[in-house]
Amino acid sequence: MRRPLGVTVSRHIMDSQRLHPKATGDLSGLLNELIVAAKTIGAEVNMAGLADILGMSGKTNIQGEEVQKLDEFANRTIINRMARSGYLCVMTSEEEDDIIPVQDGYTGKYTLAFDPLDGSSNIDVNVSIGTIFSVHRRVTASGQGDKRDILQAGRKQVAAGYILYGSSTMLVFTTGEGVHGFTLDPSVGEFYLSHADIKTPERSKYLSINAGNRPYWQQNVRDYFDLLGEYDPEKDRPYSTRYIGSLVADFHRNLITGGLFAYPRDSRNPDQPHGKLRLLYEASPLAMLIEEAGGRAITDDGRNILDIEPEDLHQRVPLIIGSKADVDEAEEFLS
Ligand code: AHG
Ligand code: MN
Ligand code: MN
């Protein structure tokens, strides 16, 4: 059912729920709670330059990365709100080594994996950053969940999305019935439907890749992206390059305009033989979104991201994601 632009996200969620008579409203409640957390993070992001919230927290996370104050603020905001929402049985976050329990007495039937703030390197330079989230249904019976509830293939997600703190704050998510974008009106604190049923163009317009890693890619990956750089009028190539170092922002632009984002594995960092991006809270949710929008997401050896069975909370995967025609070609070349 196509809803009129301008409908609020709460109304959109309620209308979607009405289409499923057996729905208990728990997924709707989960999304609404997550939206409140996102608004809180967005408000902090928008005044980060003023509130002594820029810069490093002085800590490093399990990824070995320096944790920014805003990373920590976003992480705590989501954990504190969602742990007592009553909709979750367990969570995992980029910023937490192990699984995160929910508050006793508040266990629910879903799980949440999230990147509280994606694009951290851009926080201090006022470039768009975002929060990425992924929701699964629990597989254990009741009570506090465990890793079995979290380590599920992307194909089994019930919802996935992101909040992009950019020139405007946008919420983009899917529950398996199309991808819908909502823009925040900060004067009233309400998200309004601004992009109904987003479909990504069949062919890319942009290529998003960190060319600085080229010497470290595998030979066939180097050959493939060299091929993309050659003149090919039939495919309107070479594409323009757009890469700003925030996955969520690069992904969003490519979703709307058509684009190919790639972060192949590289030998630059021996600790990260499978590339930099994480499966559970970066590649998997974006893969659900792009497939719902008519695109595709694979690894740099041709596996579908959504079919990967996770083995570790912070498992990394090489990622090639975007317009279908381009990902199909990449799959053929790299498989
Ligand atoms: P995060 O800030 O959550 O650690 O993610 C950063 C990721 C992703 O957002 C971006 O695409 C990528 O790191 C950029 O990596 P490079 O700077 O190596 O290109
Ligand atoms: Mn990230
Ligand atoms: Mn992050």
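Conventions and cut-offs
- Residues numbered from 1 in each chain as written.
- Chains lettered and ligands numbered in written order.
- Predicted model: local features only at pLDDT ≥ 70, side-chain atom pairs only at ≥ 80, totals over all residues.
- Heavy atoms only, no water.
- Domains from an automatic or database assignment.
- Contact = heavy atoms within 4.5 Å.
- Buried area = accessible area lost by both parts, 1.4 Å probe.
- Salt bridge = Lys/Arg side-chain N within 4 Å of Asp/Glu carboxyl O.
- Helix = DSSP H or I, 4+ residues; strand = E, 2+ residues; numbered from the N terminus.
- Nonpolar A, V, L, I, M, F, W, Y, C, P; charged D, E, K, R; others polar.
- Donors = N, O, S within 2.8 Å, 3.2 Å for Na, K, Ca; no water.
- Buried < 20%, exposed > 50% of the residue type's maximum accessible area, 1.4 Å probe, protein only.
- Near = heavy atom within 4 Å.
- Polar contact = N/O pair within 3.5 Å; in protein donor to acceptor, adjacent residues only side chain to side chain.
- Areas by Shrake-Rupley, 256 points an atom, 1.4 Å probe, with all protein chains shown as cover.
- Pairing = 2+ DSSP bridges.
- Axes fitted to C-alpha atoms, helices over the stretch in contact; angles between N-to-C directions.

According to the domain assignment, the protein chain contains domain 1 (9-195) and domain 2 (206-334). Relative placement of domain 1 and domain 2: their C-alpha centres are 23 Å apart. If you look at the interface, domain 1 gives 48 residues, while domain 2 gives 34 residues. Per-residue buried area on domain 1 facing domain 2 is highest for Leu151, Arg155 and Tyr162; these three make up 21% of the total on that side. Run the count over domain 1 and domain 2 and you get three salt bridges. One salt bridge connects Glu291 with Arg155, and the closest N-O pair in it is separated by 3.1 Å. Of all the secondary structure elements, the ones that give two or more residues to the side of domain 1 that touches domain 2 are β3 (88-93), β5 (110-118), β6 (129-137), α4 (147-150), β7 (159-165) and β8 (169-174). Considering only residue class, the side of domain 1 that touches domain 2 consists of 20 nonpolar, 18 polar and ten charged.

Protein-derived coordination of the manganese ion (ligand 3) comes from Glu94 (OE), Asp115 (OD) and Leu117 (O), at a distance range of 2.0 to 2.2 Å. Coordination of the manganese ion (ligand 3) draws on donor residues from a single chain, spaced E-x20-D-x1-L in sequence. The metal-metal distance between the manganese ion (ligand 3) and the manganese ion (ligand 2) comes to 3.7 Å, with Asp115 coordinating both. For Asp115, a relative accessible area of 0% translates into the label buried.

In this section: the site of ligand 1. Around ligand 1, a shell composed of 18 residues is seen, among which Asp118, Gly119, Ser120, Tyr243 and Tyr263 lie nearest. At a separation of 3.3 Å, an oxygen atom of ligand 1 approaches a polar backbone atom of Leu117. Taking Asn210, its side chain carries an N or O atom lying 2.9 Å from an oxygen atom of ligand 1. In isolation ligand 1 exposes 470 Å². Once the protein is present, 86% of that is buried. Breaking the shell around ligand 1 down by element, the ones donating at least two residues are β5 and β13 (259-263). Per element, the largest residue contribution to the shell around ligand 1 is three residues, and it comes from β5. Considering only residue class, the shell around ligand 1 consists of six nonpolar, five polar and seven charged.

For the rest of this paragraph, the subject is the coordination of the manganese ion (ligand 2). Around the manganese ion (ligand 2), the donor atoms from the protein are Asp115 (OD), Asp118 (OD) and Glu282 (OE), and they sit 1.9 to 2.1 Å away. The motif formed by the donor residues of the manganese ion (ligand 2), counted along the single chain, is D-x2-D-x163-E.

Ordered by their spatial adjacency, five strands build an open sheet running β12-β11-β13-β15-β14, and the pairing between neighbours is mixed. What marks the edges here is a single partner per strand, and that holds for β12 (240-241) and β14 (296-298). Pairing analysis gives two bridges linking strand β11 (residues 206-209) to β12, with the strands arranged parallel. Paired with Tyr206 across the bridge in β12 is Ser240. Sitting on the sheet, helix α8 (residues 324-334) touches β13, β14 and β15 (319-322), and the angle it makes with β14 is about 25 degrees.

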